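Understanding the architecture of this molecule
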Amino acid sequence: MSRPRVLVILAVMAVTLLARAAAADPRPIVLVIHGGAGVIERARMTAPKEAAFRAGLEAALAAGYAVLEQGGSSLDAVTAAVRTMEDDPQFNAGRGAVLNHEGDAELDAAIMDGNGPHAGAVAGVRHVKNPIELARLVMEKSPHVLLVGDGAEEFALGQGVVLVPRSYFRTAARERELEEARAAGPERATSPPVTSPPATRHVTGTGTGQGSMGTVGAVALDRAGNLAAATSTGGLTNKMHGRVGDSPLIGAGTFADNESCAVSGTGQGEYFIREVVAHDVCARLRYRHLTLAAAVDEVIRKLQRSGGEGGVIALDRAGNVALDFNSAGMYRGVRDSRGRHEVGMYRGEKP
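What you are looking at is a predicted structure, and each value in this text was computed from that prediction instead of being measured. Counting restarts for each chain: residues are numbered from 1 in the order of the written sequence. Since the coordinates come from a predicted model, pLDDT governs what is reported: local features require at least 70, and pairs of side-chain atoms require 80 or more to be given and counted, while whole-chain, interface and lining totals use all residues. Values reported for side chains reflect all heavy atoms of the structure, with hydrogen atoms and water molecules removed beforehand.

Observations regarding the packing of helix α8 (residues 277-288) against helix α9 (residues 292-305)
Geometry of a packed helix pair, given as the angle between the helix axes and the separation of the axes. Selection rule: Fitting a line to C-alpha atoms yields each axis, with helices limited to the stretch in contact; the angle taken between N-to-C directions then spans 0 to 180 degrees. Each helix is a run of DSSP H or I of at least 4 residues and each strand a run of E of at least 2, with the numbering of both proceeding from the N terminus. Roughly parallel means an angle under 35 degrees; roughly antiparallel means over 145; roughly perpendicular covers 65 to 115; every other angle is labelled oblique. The handedness criterion is simple: a crossing whose near helix is rotated anticlockwise from the far helix by less than a right angle is left-handed, and one whose near helix is rotated clockwise is right-handed. The criterion used for residue contact is that any of the two residues' heavy atoms lie within 4.5 Å. The classification used treats Ala, Val, Leu, Ile, Met, Phe, Trp, Tyr, Cys and Pro as nonpolar, Asp, Glu, Lys and Arg as charged, and all other residues, Gly among them, as polar.
It is the contact of α8 with α9, at a shortest axis distance of 9 Å, that shows an interaxial angle of 135°. Between α8 and α9, the interaxial angle falls into the category oblique. When the axes of α8 and α9 are compared, the crossing they make is right-handed. Only Leu292, Ala295, Val296, Glu298, Val299, Lys302 and Leu303 of α9 make contact with α8, whose side of the interface consists of Val277, Asp280, Val281, Arg284, Leu285 and Arg288. Partitioning the contact of α8 with α9 into residue classes produces eight nonpolar, no polar and five charged.

Structure follows, in structure tokens:
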């Protein structure tokens, strides 16, 4: 037999074995991330900013997927991915988070382990460099699920978490956004009640003025078949002091259960809370036996009928992924052991 023919046969055999191995692997590893949804349009995005966003998404994917690839847990993977985005001032979480009416960043985060399930969250923290890490400590080191404000920071000190000055979170872009929102007046409020709170804006960490709803999040599936979800945000520009959105509320903006799926949301938090969006997606899988894609589609349509805007990333235990939104765009990315590796920003763009 000629050498070229032998090489061809060996190549075919290798491809066949790889295909069989992939088909025989009932537990792929998967990481899905988002960096906020809203008015994200090509015509309003400069090339350098688009490149920077894509690089930021790739960095978060790389950090989380490396954990899974090395045999780590889904919890460690979502923590790593979200922490990377908290440290990136482009995104509305951690450093570079939006500022409330008083000019401070008030940060919210939640994490949920689908194996249990177990959950931890923090809200209204102002000195915690990485709120997602504190949320995980609440889950693992306390009997509680949600700690807020000063109580959460006292707990952080007791756990040896290093706090940072409030100035750490402020950026020039966020200060400009706050000035613009203050100047806009009460008519810019998202849902102005009788008492007329300060005007609020849904933004990411971009400073692009694209009106995006800023939150970062991740969902993951590890080799053990466990799901996890994590979400972190600064909320709304010019929000009232003490306002808390959906991100740290288990079932609203964050949910994970090995019996159904893992979900992280981004959008107008008040609507996500009223619709209990994250849990609703998983409940449709568990009780109505819908596919993940069908469940997400139904929930996003329901959200839109109620007047809400935003999107979700979702992942089930079989490794199926669904990313959907009713806004113009959503910063997002997917990577898995079956070869999928994509980031997207605009509607109609993969993933």
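Considering the state of the cysteines
Operational definition: Whenever a pair of cysteine sulfur atoms sits within 2.5 Å, that pair is classed as a disulfide. Buried means the residue's accessible area, taken with a 1.4 Å probe over protein chains only, is under 20% of the maximum for its type, while exposed means over 50%, and partly exposed covers the values in between.
Applying the stated rule across the entire model yields one disulfide. The disulfide partner of Cys261 is Cys282, and the S-S distance across this bridge is 2.4 Å. Classification of the bridge connecting Cys261 and Cys282 rests on its S-S torsion, roughly -110°, and on that basis the disulfide is left-handed. Here the residue Cys261 occupies a position in strand β9 (residues 261-267), and Cys282 occupies one in helix α8, the gap between them amounting to 21 residues. Of the two residues examined, Cys261 and Cys282, each falls in the buried class.

With respect to the side chain of Arg332
The condition is simple: Polar contact criterion, stated in full: a pair of N or O atoms within 3.5 Å, where within protein one must be able to donate a hydrogen and the other to accept it, and residues adjacent in sequence count only if both atoms are side-chain atoms.
By the element assignment, Arg332 lies in strand β12 (residues 329-336). At 3.4 Å, the side chain of Arg332 and the backbone oxygen of Met345 are in polar contact. Looking at Arg332, its side chain comes within polar contact range of the main-chain oxygen of Tyr346, at 2.8 Å.

With respect to α9
Residues spaced three or four apart along an α-helix point in a common direction, a consequence of the helix completing one turn every 3.6 residues. Quick note on the threshold: One less than the number of residues in a helix, times 1.5 Å, gives the span that helix is expected to have. Within this analysis, the arc is defined by the directions that extend from the helix axis to the C-beta atoms.
Here α9 contains 14 residues, and its C-alpha end-to-end distance of 20 Å stays within 8% of the 20 Å for a straight helix at 1.5 Å per residue. For α9, every residue scored as buried is listed here: Leu292, Ala295, Val296, Val299, Ile300 and Leu303. Take α9 and look down its axis: the buried residues cluster within an arc of 125°, on one side only. Among the exposed residues of α9, those pointing more than 90 degrees away from its buried face are Ala293, Arg301 and Arg305. Residues of α9 that are buried sit in contact with β9, α7 (269-275), α8, β10 (310-316) and β11 (321-325). Among the residues trailing α9, Gly307 stands out with phi positive, at a value near 100°.

Details of the sheet that holds β11
Short version of the rule: At least two DSSP bridges between two strands are needed for those strands to be called paired.
Reading across the sheet, the four strands line up as β8-β9-β10-β11 and stay open at both edges, with antiparallel pairing between neighbours. One side of each edge strand has no neighbouring strand; the edge strands of this open sheet are β8 (254-256) and β11. Direction aside, neighbouring strands of the sheet carry axes that sit 10° apart on average. Pairing between β9 and β10: seven bridges, direction antiparallel. If you follow Gly267 over to β10, its bridge partner there is Gly310. α8 rests against β8, β9 and β10 of the sheet, and its axis sits at about 145° to β9. Of the strands in this sheet, β9, β10 and β11 are in contact with α9, which crosses β10 at around 160°.

Some thoughts on the pairing of β12
In regular strands, side chains alternate between the two faces of the sheet. Of all eight residues making up β12, seven are buried, and the element is well covered by its neighbours. The sheet contact formed by strand β1 (residues 30-38) and β12 spans eight bridges and is antiparallel. Within β12, the position partnered with Ala37 by the bridge is Met330. Relative to strand β13 (residues 341-346), β12 is paired through five bridges, and the arrangement is antiparallel. In the strand pairing of β13, Gly329 is matched with Tyr346. Count of turn residues in the β12/β13 antiparallel hairpin: four residues, of which Gly339 carries a positive phi of about 105°.

Some details on the nonpolar core
Considering soluble globular proteins, one finds that nonpolar side chains tend to be buried as a cluster. Quick reminder of the rule: Among buried residues, the Ala, Val, Leu, Ile, Met, Phe, Trp, Tyr and Cys ones that are joined through side-chain atoms within 4.5 Å form a nonpolar core.
Counting residues in each nonpolar core, the largest one holds 52 residues, and the members touching the most others are Leu31, Ile33, Ile111 and Leu134. If we ignore the near neighbours within four places in the chain, the residues touching Leu31 are Ala60, Leu61, Gly64, Tyr65, Leu68, Ala81, Ala218, Val219, Ala220, Gly333, Val334 and Arg335. Membership of the second largest hydrophobic core comes to 36 residues, among which are Val30, Val281, Ala295 and Ala322.

Examining α8
Under the 1.5 Å per step criterion, the end-to-end length of α8 is 16 Å for 12 residues, consistent within 8% with the ideal 16 Å. In this fold, the buried residues of α8 make contact with β8, β9, α7, α9 and β10. His289 sits one or two positions beyond α8 and adopts a positive phi of about 60°.

Comments concerning a nonpolar patch on the surface
This is how the line gets drawn: Every patch collects residues that have over 30% relative accessible area and no salt bridge, joining them within 9 Å if they carry like charges and within 5 Å if they are nonpolar side chains (Val, Leu, Ile, Met, Phe, Trp, Tyr). Working definition of accessibility: Shrake-Rupley area with a 1.4 Å probe, residue cover restricted to the visible protein chains. For this analysis, a salt bridge means a side-chain nitrogen from Lys or Arg found within 4 Å of a carboxyl oxygen belonging to Asp or Glu.
A cluster of nonpolar side chains, contributed by Val145, Leu146 and Val148, occupies part of the molecular surface with about 230 Å² of accessible area. The topology assignment puts Val145 in the loop between α4 (131-141) and β4 (146-148).

Quick notes on the pairing of strand β7 (residues 227-233)
Most of β7 is tucked away, with seven of its seven residues classed as buried. Alternating residues of β7 divide into Leu227, Ala229, Thr231 and Thr233 and Ala228, Ala230 and Ser232, and every residue in both groups is buried. Pairing of strand β6 (residues 216-221) with β7, which is carried by six bridges, proceeds in the antiparallel orientation. Following the sheet pairing, Gly217 is matched in β7 by Thr231.

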